[in-house]
Protein chains: 2
Amino acid sequence: MAPPINVAIPAHLTPAGISGNKLLGYERAKASFDSQDMAEYIHGKAYLEEQTYLLNVLANDPAFDKSSMHYLGRTERFRAAMKKDKRLAQLQREHNWSDKTSRHADFLCDSPAPFGLHKSMFITTLRNMGTDEQREAFLKPAEAYQIIGCYAQTELGHGSNVQGLETTCTYEEETKEFIVHSPTLTSAKWWIGGLGRSADHAIVMAQLILKGKSYGPHPIIVQIRDIKTREPLPGRIIADIGPKAGYNTTDNGTLLLDQVRVPHMNLLARFAKVDPDTAAYVPPKNSALTYGTLTWVRANIVQDARTVLMRATTIAIRYCAIRRQFGDRDAPKFDEHGRPVETQVLDYTMVQYRLLPILAQAFAFHYTAKFMYNLYHANEDNVQSGDLSLLADTHASSSGLKSLVTLTAASAIEECRRACGGHGYSMSSGLPSFYADYLPNVTWEGDSYMLTQQCTRYLFKMMRQLKTNPATAEKNVTTEYMARYLAKKDDRADIKYIGDLYSPVFFIKSFAHRAAYLVEQTLQLRDNARRSWNSLLVEMYRCSKAHSQFLVVRNFSLAILNDDELNRKPALRQIMQRLYLLFCCYTMEQEAADFLTSGFIDGRQAHIVSNKVQELLAEVRPQAVPLVDAFALPDFLLNSSLGRADGMAYEALFDFAVREPINSTRWDVNIDDLDAADMDEIPRASKL
Amino acid sequence: MAPPINVAIPAHLTPAGISGNKLLGYERAKASFDSQDMAEYIHGKAYLEEQTYLLNVLANDPAFDKSSMHYLGRTERFRAAMKKDKRLAQLQREHNWSDKTSRHADFLCDSPAPFGLHKSMFITTLRNMGTDEQREAFLKPAEAYQIIGCYAQTELGHGSNVQGLETTCTYEEETKEFIVHSPTLTSAKWWIGGLGRSADHAIVMAQLILKGKSYGPHPIIVQIRDIKTREPLPGRIIADIGPKAGYNTTDNGTLLLDQVRVPHMNLLARFAKVDPDTAAYVPPKNSALTYGTLTWVRANIVQDARTVLMRATTIAIRYCAIRRQFGDRDAPKFDEHGRPVETQVLDYTMVQYRLLPILAQAFAFHYTAKFMYNLYHANEDNVQSGDLSLLADTHASSSGLKSLVTLTAASAIEECRRACGGHGYSMSSGLPSFYADYLPNVTWEGDSYMLTQQCTRYLFKMMRQLKTNPATAEKNVTTEYMARYLAKKDDRADIKYIGDLYSPVFFIKSFAHRAAYLVEQTLQLRDNARRSWNSLLVEMYRCSKAHSQFLVVRNFSLAILNDDELNRKPALRQIMQRLYLLFCCYTMEQEAADFLTSGFIDGRQAHIVSNKVQELLAEVRPQAVPLVDAFALPDFLLNSSLGRADGMAYEALFDFAVREPINSTRWDVNIDDLDAADMDEIPRASKL
């Protein structure tokens, strides 16, 4: 690649007015709390120390250099991602990193890559569902990167509906082999991360068929490529599925199997088994254990969504503190030297209204992620001792929360990008690629629109129990709020003035009332009006959202009321209290239609809530930069010209421009030279 | 590029179940109207004939081939876009196409490209603002592509705020030259389409300085590159600004000018002038004429938004009619042969609720685009004869509508993409690149969040007039509805049953009442409570949105009531009536909080509106595919595996996969071969 021609930043030019660096300095000086204290409260000291250690290891290693990523075509980006994953594997081996430390390093590198699914789904599934023999045969070489695996579930024609998978896995008693087969085009495995170019083994989810009878989808290990030559083995058709909105550093692939034979031992058999001699099916003893993994995955999704909000707001809030545009209509247009006065964009209430509630949501999701991890551990302990009481509630809440947090996080990134004005559109802002890579979260692990049925089905069940026999109803957070609602349906908000909006008890009560109201209304349509399930999907979505928002409000409220660590630190508690109120009031304002329809609030009270939001925005505004500093997301992760901790946004944008490869070519614009674009390709005759 | 290895679609495999082609056939058989009739009603026969003619010219010309675009890196895509623009210019010359026909051809090619801003802003500005002499010198060679221009307004530090531009243009009487200069880094022209690599001339917006006094931003022509060598001329620093979320086929660029001298005649002087000898400033006689162009640009934005909704829904609705997933909970799980029965995704009410209102919005925006063009022409005629009565209303409405339609269209594309499930994420769906290329509309031509102030400022003015002296208030659509509101503030919706929701008069009245209510409430905060302008930006945004939605409802209502062409075609009118009601009821449901807060509707009525939406979704569902067929968007434009008119989505996805270039390389996954990714690069020792 030739060096850029004729382009360099003139050294004598600087940005007009106060520098970004100084502006961020002023912002930081306004802090009412210590950002480092807050960072430790959020992440814990150990995590921050690990981050410092990892940044030292990663930041100067060329395998993790991010400076050129946006200029590369897909092949080159894939090559770089492969190198990154190999180097991470080397470092893990060299430093004997735990899985957790490795994941932390991978998070900082921030690039989906070829070994991603090998490290997560392939290895995890072998650990959870493999017998000792299978772990010895597959898990050990997988952990040493001697084999590379992928997890092949989704098919071209089947995403969410696992039961509908078409791939078959038929046992043949004579040979003691399974025959794995793709009967149609739509049965092609599709979207499988790492399959396209990297993996040599796949865990294939296939319909298990024994003596002509189907037993539903089961996981079976199929070797797909030769370990040395990397050529597909006979009977396997494999390809990368081509470019996507994001994730282009991962080789999502397709796989068609033509009567491929694998030995009996390849069916993952820790739970369900097939007797090799009689072909009899031995069902799993306790299928509840597999739900635990799902909760863990969804707790991670909530935690990730929290981090997404932190990252998007870090970039947007820092840049909106640097960017100035227009003068305030009510303020003087010129300073005492006659120079135009422009307002920091973050001072516009419209910008505050778009960004600061996302900041508050980040904290709200933080507490709900903690709640989900606690629930996961409590449920795991219970299930081990045969107690399944938490299972249904855990499953329902995690379904509803998965939907809520992924939809919130995806739109938050885009909102933050737009708040950066035109420069948010540049890849150098770090936001477009971040958005594109995050988007699959809305669709995978249960489509965030359809998944809400699972939550509401459980809410229906709880409401029905309470209505028929409250005494015997299961006791948990859901039934508690529904019982309270049924006892006092005509409960009304008791707020008269803006000052009445302060109590966690009020917000818990409000969001509980709204959720229970929606569930009751929708259940009546189902049970009394006998409406079809399908005709109620929109209402069910609303119930799930209301329940999930209640959970988030409740978890944040309980932290404000009871978190000892927070209560010991008045400066942190004070700003957290404001963020809490902002989150609650903003959410209530956004969802005002529900609160008004149920009669819980009236039009006058809706105005009070809106006014309170404005009041809180003004209170949180001066703390915005210190708060995003407290998220402690390093520049290495952000990789953003606009979000840099030093505020040198305009210099970074210029630097990004001059490194663009098309600047090294002079382009021919003569419309009669159709195929000549580069000046070096212009026919001699038409040259000077 | 080597051919893909080992990959081909096995000929004997077909998608499971009923083919996409047949499914779309069933859908088309359900049509209650003729799609061709509807297409002619929407687009006019002439437009459709021109489209057929253009497709014949374009579809087989290799310069317009889209099949490889998603596999190319930026340099190659830019090269292809340059070729496309050159070939279009050749065809225009060859066939003597009008500008309108050329734009139609460019629309079908659907790729932002290096000459885009040359053809639009550069040439248009020369036409509108150039003197005869300037047109001769610059416009003629520009139209013949002998010079290539760009329009350099935005700066690194200044987007929306044109008055704040830093570039200066200082007149020197001795030499009769202007000195154009970039005083700071933030004054660098930035985002300028075509500047980075293509343009040799720029219309630079710069602060005009005469005898030390500033006269605000004025346009001046600066030659920036040598026409033959394409090298920047002395004192110009030029670069492409690097990759963006979309628009990577356009060379958005930056320009720094170091005391660049241009002759007096380069200042565009049809309106404002500078006396060459005395350096006296001659202001424009009538600045109102320049507003006309703005209205025309915004009418185009409304029309484009309409087409965006048509295109996004065409892809999503066709694919959701093909895609099947899960069985309906209330329906049998297996057919009579024991095969699982899966539901067309479009039959799920949740999917209908996400897609069909967008379909209805497309029609709503269609009528509002017509309204805007009419307004533009009426206003142009008026202004020519010195009548400025339409000017303020036109400016306000077009500001509000620009905000509303761009925000709606951007989120509609993403909603449609998500409704396609995982495959919407593939570039082959045509949706991710479409979204990325559309996004700048939210930011440019006035940021869609900040621009709403311009609309509401006017609404305030009208409301104040009515309150102080209704007799002398200007007469127009705004004052009409506000006067009605002031006369009957406690007007309430008179609906008791779902059947009451049918009358255009009701919806006009409802949306007018809501808009006027919000304006009055907000104006009280400004005038009575003396709240600062900045503290009311969120409320002003809501006023502008409500006013704009009123306009859209009104324009659609008037078509339903009065459009003769529609009334002559009962089959079209019947489905249009349903789309109309769906649009109105859905919008009312989405904005229910406003209607409830004002007391115009109560909770019970909100439920009735929601139920009506469900009823209308069921009525529109069978017509969904025929309706998107009527949009008459050809496969050549859509370039979408999922949206193909023939329904062969799965075959197209497979075809897209096997053509991915990384499939032609065998990748080395050995973690100890850090730099070797391609098998051909593996050191001999580690090979087999």
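Basis of the calculations
- Residues numbered from 1 in each chain as written.
- Chains lettered and ligands numbered in written order.
- Predicted model: local features only at pLDDT ≥ 70, side-chain atom pairs only at ≥ 80, totals over all residues.
- Heavy atoms only, no water.
- UniProt positions renumbered as here; feature names shortened; annotations may be inferred.
- Helix = DSSP H or I, 4+ residues; strand = E, 2+ residues; numbered from the N terminus.
- Buried < 20%, exposed > 50% of the residue type's maximum accessible area, 1.4 Å probe, protein only.
- Areas by Shrake-Rupley, 256 points an atom, 1.4 Å probe, with all protein chains shown as cover.
- Lys, Arg positive; Asp, Glu negative; His and termini not counted.
- Charge placed at Lys NZ, Arg CZ, Asp CG, Glu CD.
- Contact = heavy atoms within 4.5 Å.
- Core = buried A, V, L, I, M, F, W, Y, C linked by side-chain atoms within 4.5 Å.
- Expected span 1.5 Å × (residues − 1).
- Buried area = accessible area lost by both parts, 1.4 Å probe.
- Salt bridge = Lys/Arg side-chain N within 4 Å of Asp/Glu carboxyl O.
- Polar contact = N/O pair within 3.5 Å; in protein donor to acceptor, adjacent residues only side chain to side chain.
- Nonpolar A, V, L, I, M, F, W, Y, C, P; charged D, E, K, R; others polar.
- Phe/Tyr/Trp six-rings, centres within 6.5 Å; stacked < 30°, edge-to-face > 60°.

Identification of chain A as Acyl-coenzyme A oxidase from Tilletiaria anomala is taken from an unreviewed UniProt entry. The Pathway (unreviewed entry) field of the UniProt record for chain A holds the comment "Lipid metabolism; peroxisomal fatty acid beta-oxidation." Its UniProt record gives chain A the following Catalytic activity (unreviewed entry) comment, quoted word for word: "a 2,3-saturated acyl-CoA + O2 = a (2E)-enoyl-CoA + H2O2".

Colleague: Where do I start with the overall build of chain A in this structure?
Modeller: Looking only at helices and strands, chain A has 23 helices and 11 strands in total. Along the first, second and third principal axes, the C-alpha set of chain A runs to 95 × 90 × 55 Å. Every one of the 688 residues in chain A was classed for burial, and the buried ones make up 61%. Accessible surface, chain A: about 25,400 Å² in total, of which carbon and sulfur atoms supply 52%. Counting 77 positive and 79 negative side-chain charges, chain A places the centres of these two groups 3 Å from one another.

Colleague: Looking at this structure, I do not really get the UniProt feature "binding site: FAD" (unreviewed entry) in chain A. What am I missing?
Modeller: Residue and element names in this part refer to chain A. Feature annotation in UniProt assigns "binding site: FAD" (unreviewed entry) to the following positions: Thr154 and Gly193. Judged by maximum C-alpha separation, these annotated positions cover 40 residues in sequence but sit close together in space, the widest gap being only 10.4 Å. On the basis of relative accessibility, which here comes to 26%, the residue threonine 154 falls in the partly exposed class. Not counting the four nearest positions on each side in its chain, threonine 154 is found in contact with Gly159, Ala188, Lys189, Trp190, Trp191 and Ile192. Tracing the backbone shows glycine 193 in the loop between strand E4 (189–192) and strand E5 (201–210). Ignoring any residue separated from it by four or fewer positions in sequence, one finds glycine 193 in contact with Leu117, Cys150, Thr250, Asp251 and Asn252.

Colleague: I tried to follow the UniProt feature "domain: Acyl-coenzyme A oxidase N-terminal" (unreviewed entry) in chain A on my own but got confused; where do I start?
Modeller: Annotation from UniProt places "domain: Acyl-coenzyme A oxidase N-terminal" (unreviewed entry) at residues 34–148 of chain A. For residues 34–148 of chain A, the helix share is 71%, the strand share is 0%, and the end-to-end C-alpha distance is 45 Å.

Colleague: Please explain the nonpolar core as it appears in this structure.
Modeller: In globular proteins that are soluble, nonpolar side chains generally tend to be buried together. Counting 326 residues, the largest nonpolar core has Met38(A) and Met38(B) as its most contacted members. Among all residues touching Met38(B), those that are not within four sequence positions of it are Phe33(B), Phe363(B), Leu572(B), Ile575(B), Met576(B), Leu627(B) and Ala630(B).

Colleague: Which parts of the structure should I look at to understand helix H9 (residues 349–384) of chain B?
Modeller: Since the α-helix advances by 3.6 residues per turn, residues separated by three or four positions end up pointing in the same direction. Look at H9(B): 52 Å from first C-alpha to last across 36 residues, which is about the 52 Å you get at 1.5 Å a residue. Downstream of H9(B) by one or two residues, Gly386(B) has phi in the positive range, about 80°.

Colleague: Explanation requested: the interface of chain B and chain A in the structure shown.
Modeller: Frequently, the measure chosen for interface size is the accessible area removed from exposure when the parts meet. Taken together, the contact between chain B and chain A spans 151 residues of the former and 151 residues of the latter. For chain B, the biggest contributors to the area lost against chain A are Tyr425(B), Trp667(B) and Ile671(B); these three give 7% of the whole. Across the pair Arg74(A) and Glu660(B) runs a salt bridge whose closest N-O atoms are separated by 3.0 Å. Linking chain B to chain A there are 51 residue pairs in polar contact (both at pLDDT 80 or more). Here the side of chain B that touches chain A is built from residues that sort into 70 nonpolar, 39 polar and 42 charged.

Colleague: Quick question: what am I supposed to make of the pattern of salt bridges here?
Modeller: Opposite charge on two side chains permits them to pair, given that their charged atoms come into close proximity. Residue and element names in this part refer to chain A. A complete count under the given rule lists 90 salt bridges over all chains for this structure. One salt bridge connects arginine 621 with glutamate 27, and the closest N-O pair in it is separated by 2.9 Å. Taken together, the positions of arginine 621 in the loop between helix H20 (603–620) and helix H21 (624–630) and glutamate 27 in helix H1 (residues 20–29) put the pair 594 residues apart, joining distant regions of the chain. Neither residue differs from the other here; arginine 621 and glutamate 27 are each classed as buried. Taking the shortest distance from any N to any O, the salt bridge between aspartate 646 and arginine 644 comes out at 2.8 Å. Its relative accessible area of 25% is what places aspartate 646 among the partly exposed residues. Classification of arginine 644 as partly exposed rests on a relative accessible area of 28%. Three or more residues are tied together by salt bridges with common partners; here these are Glu27, Lys30, Asp347 and Arg621.

Colleague: Hey, could you run me through the side chain of Glu589(B) in this one?
Modeller: Examined against the element boundaries, Glu589(B) turns out to sit in helix H18 (residues 570–590). Using a relative accessible area of 11% as the deciding quantity, one classes Glu589(B) as buried. A distance of 2.7 Å separates the side chain of Glu589(B) from the side chain of Tyr353(B), its partner in a polar contact. Ignoring anything within four residues of it in the chain, the contact list for Glu589(B) reads Arg542(A), Tyr353(B), Val609(B), Ser610(B) and Val613(B).

Colleague: Please explain the packing of aromatic side chains as it appears in this structure.
Modeller: Two descriptors summarise a pair of aromatic rings, namely the distance from one centre to the other and the angle between the planes of the rings. Inspection of the entire model under this criterion finds 45 aromatic pairs over all chains. For the pair Tyr53(B) and Trp97(B), a centre-to-centre distance of 6.4 Å together with 80° between the ring planes defines the contact as edge-to-face. Pair noted here: Tyr53(B) is in helix H3 (residues 45–58) and Trp97(B) is in the loop between helix H4 (74–95) and helix H5 (99–109), with a separation of 44 residues, a long-range link. Here the aromatic residues Tyr367(A), Phe506(A), Phe507(A), Phe556(A), Tyr580(A) and Phe583(A) are joined through ring pairs into a cluster of three or more.

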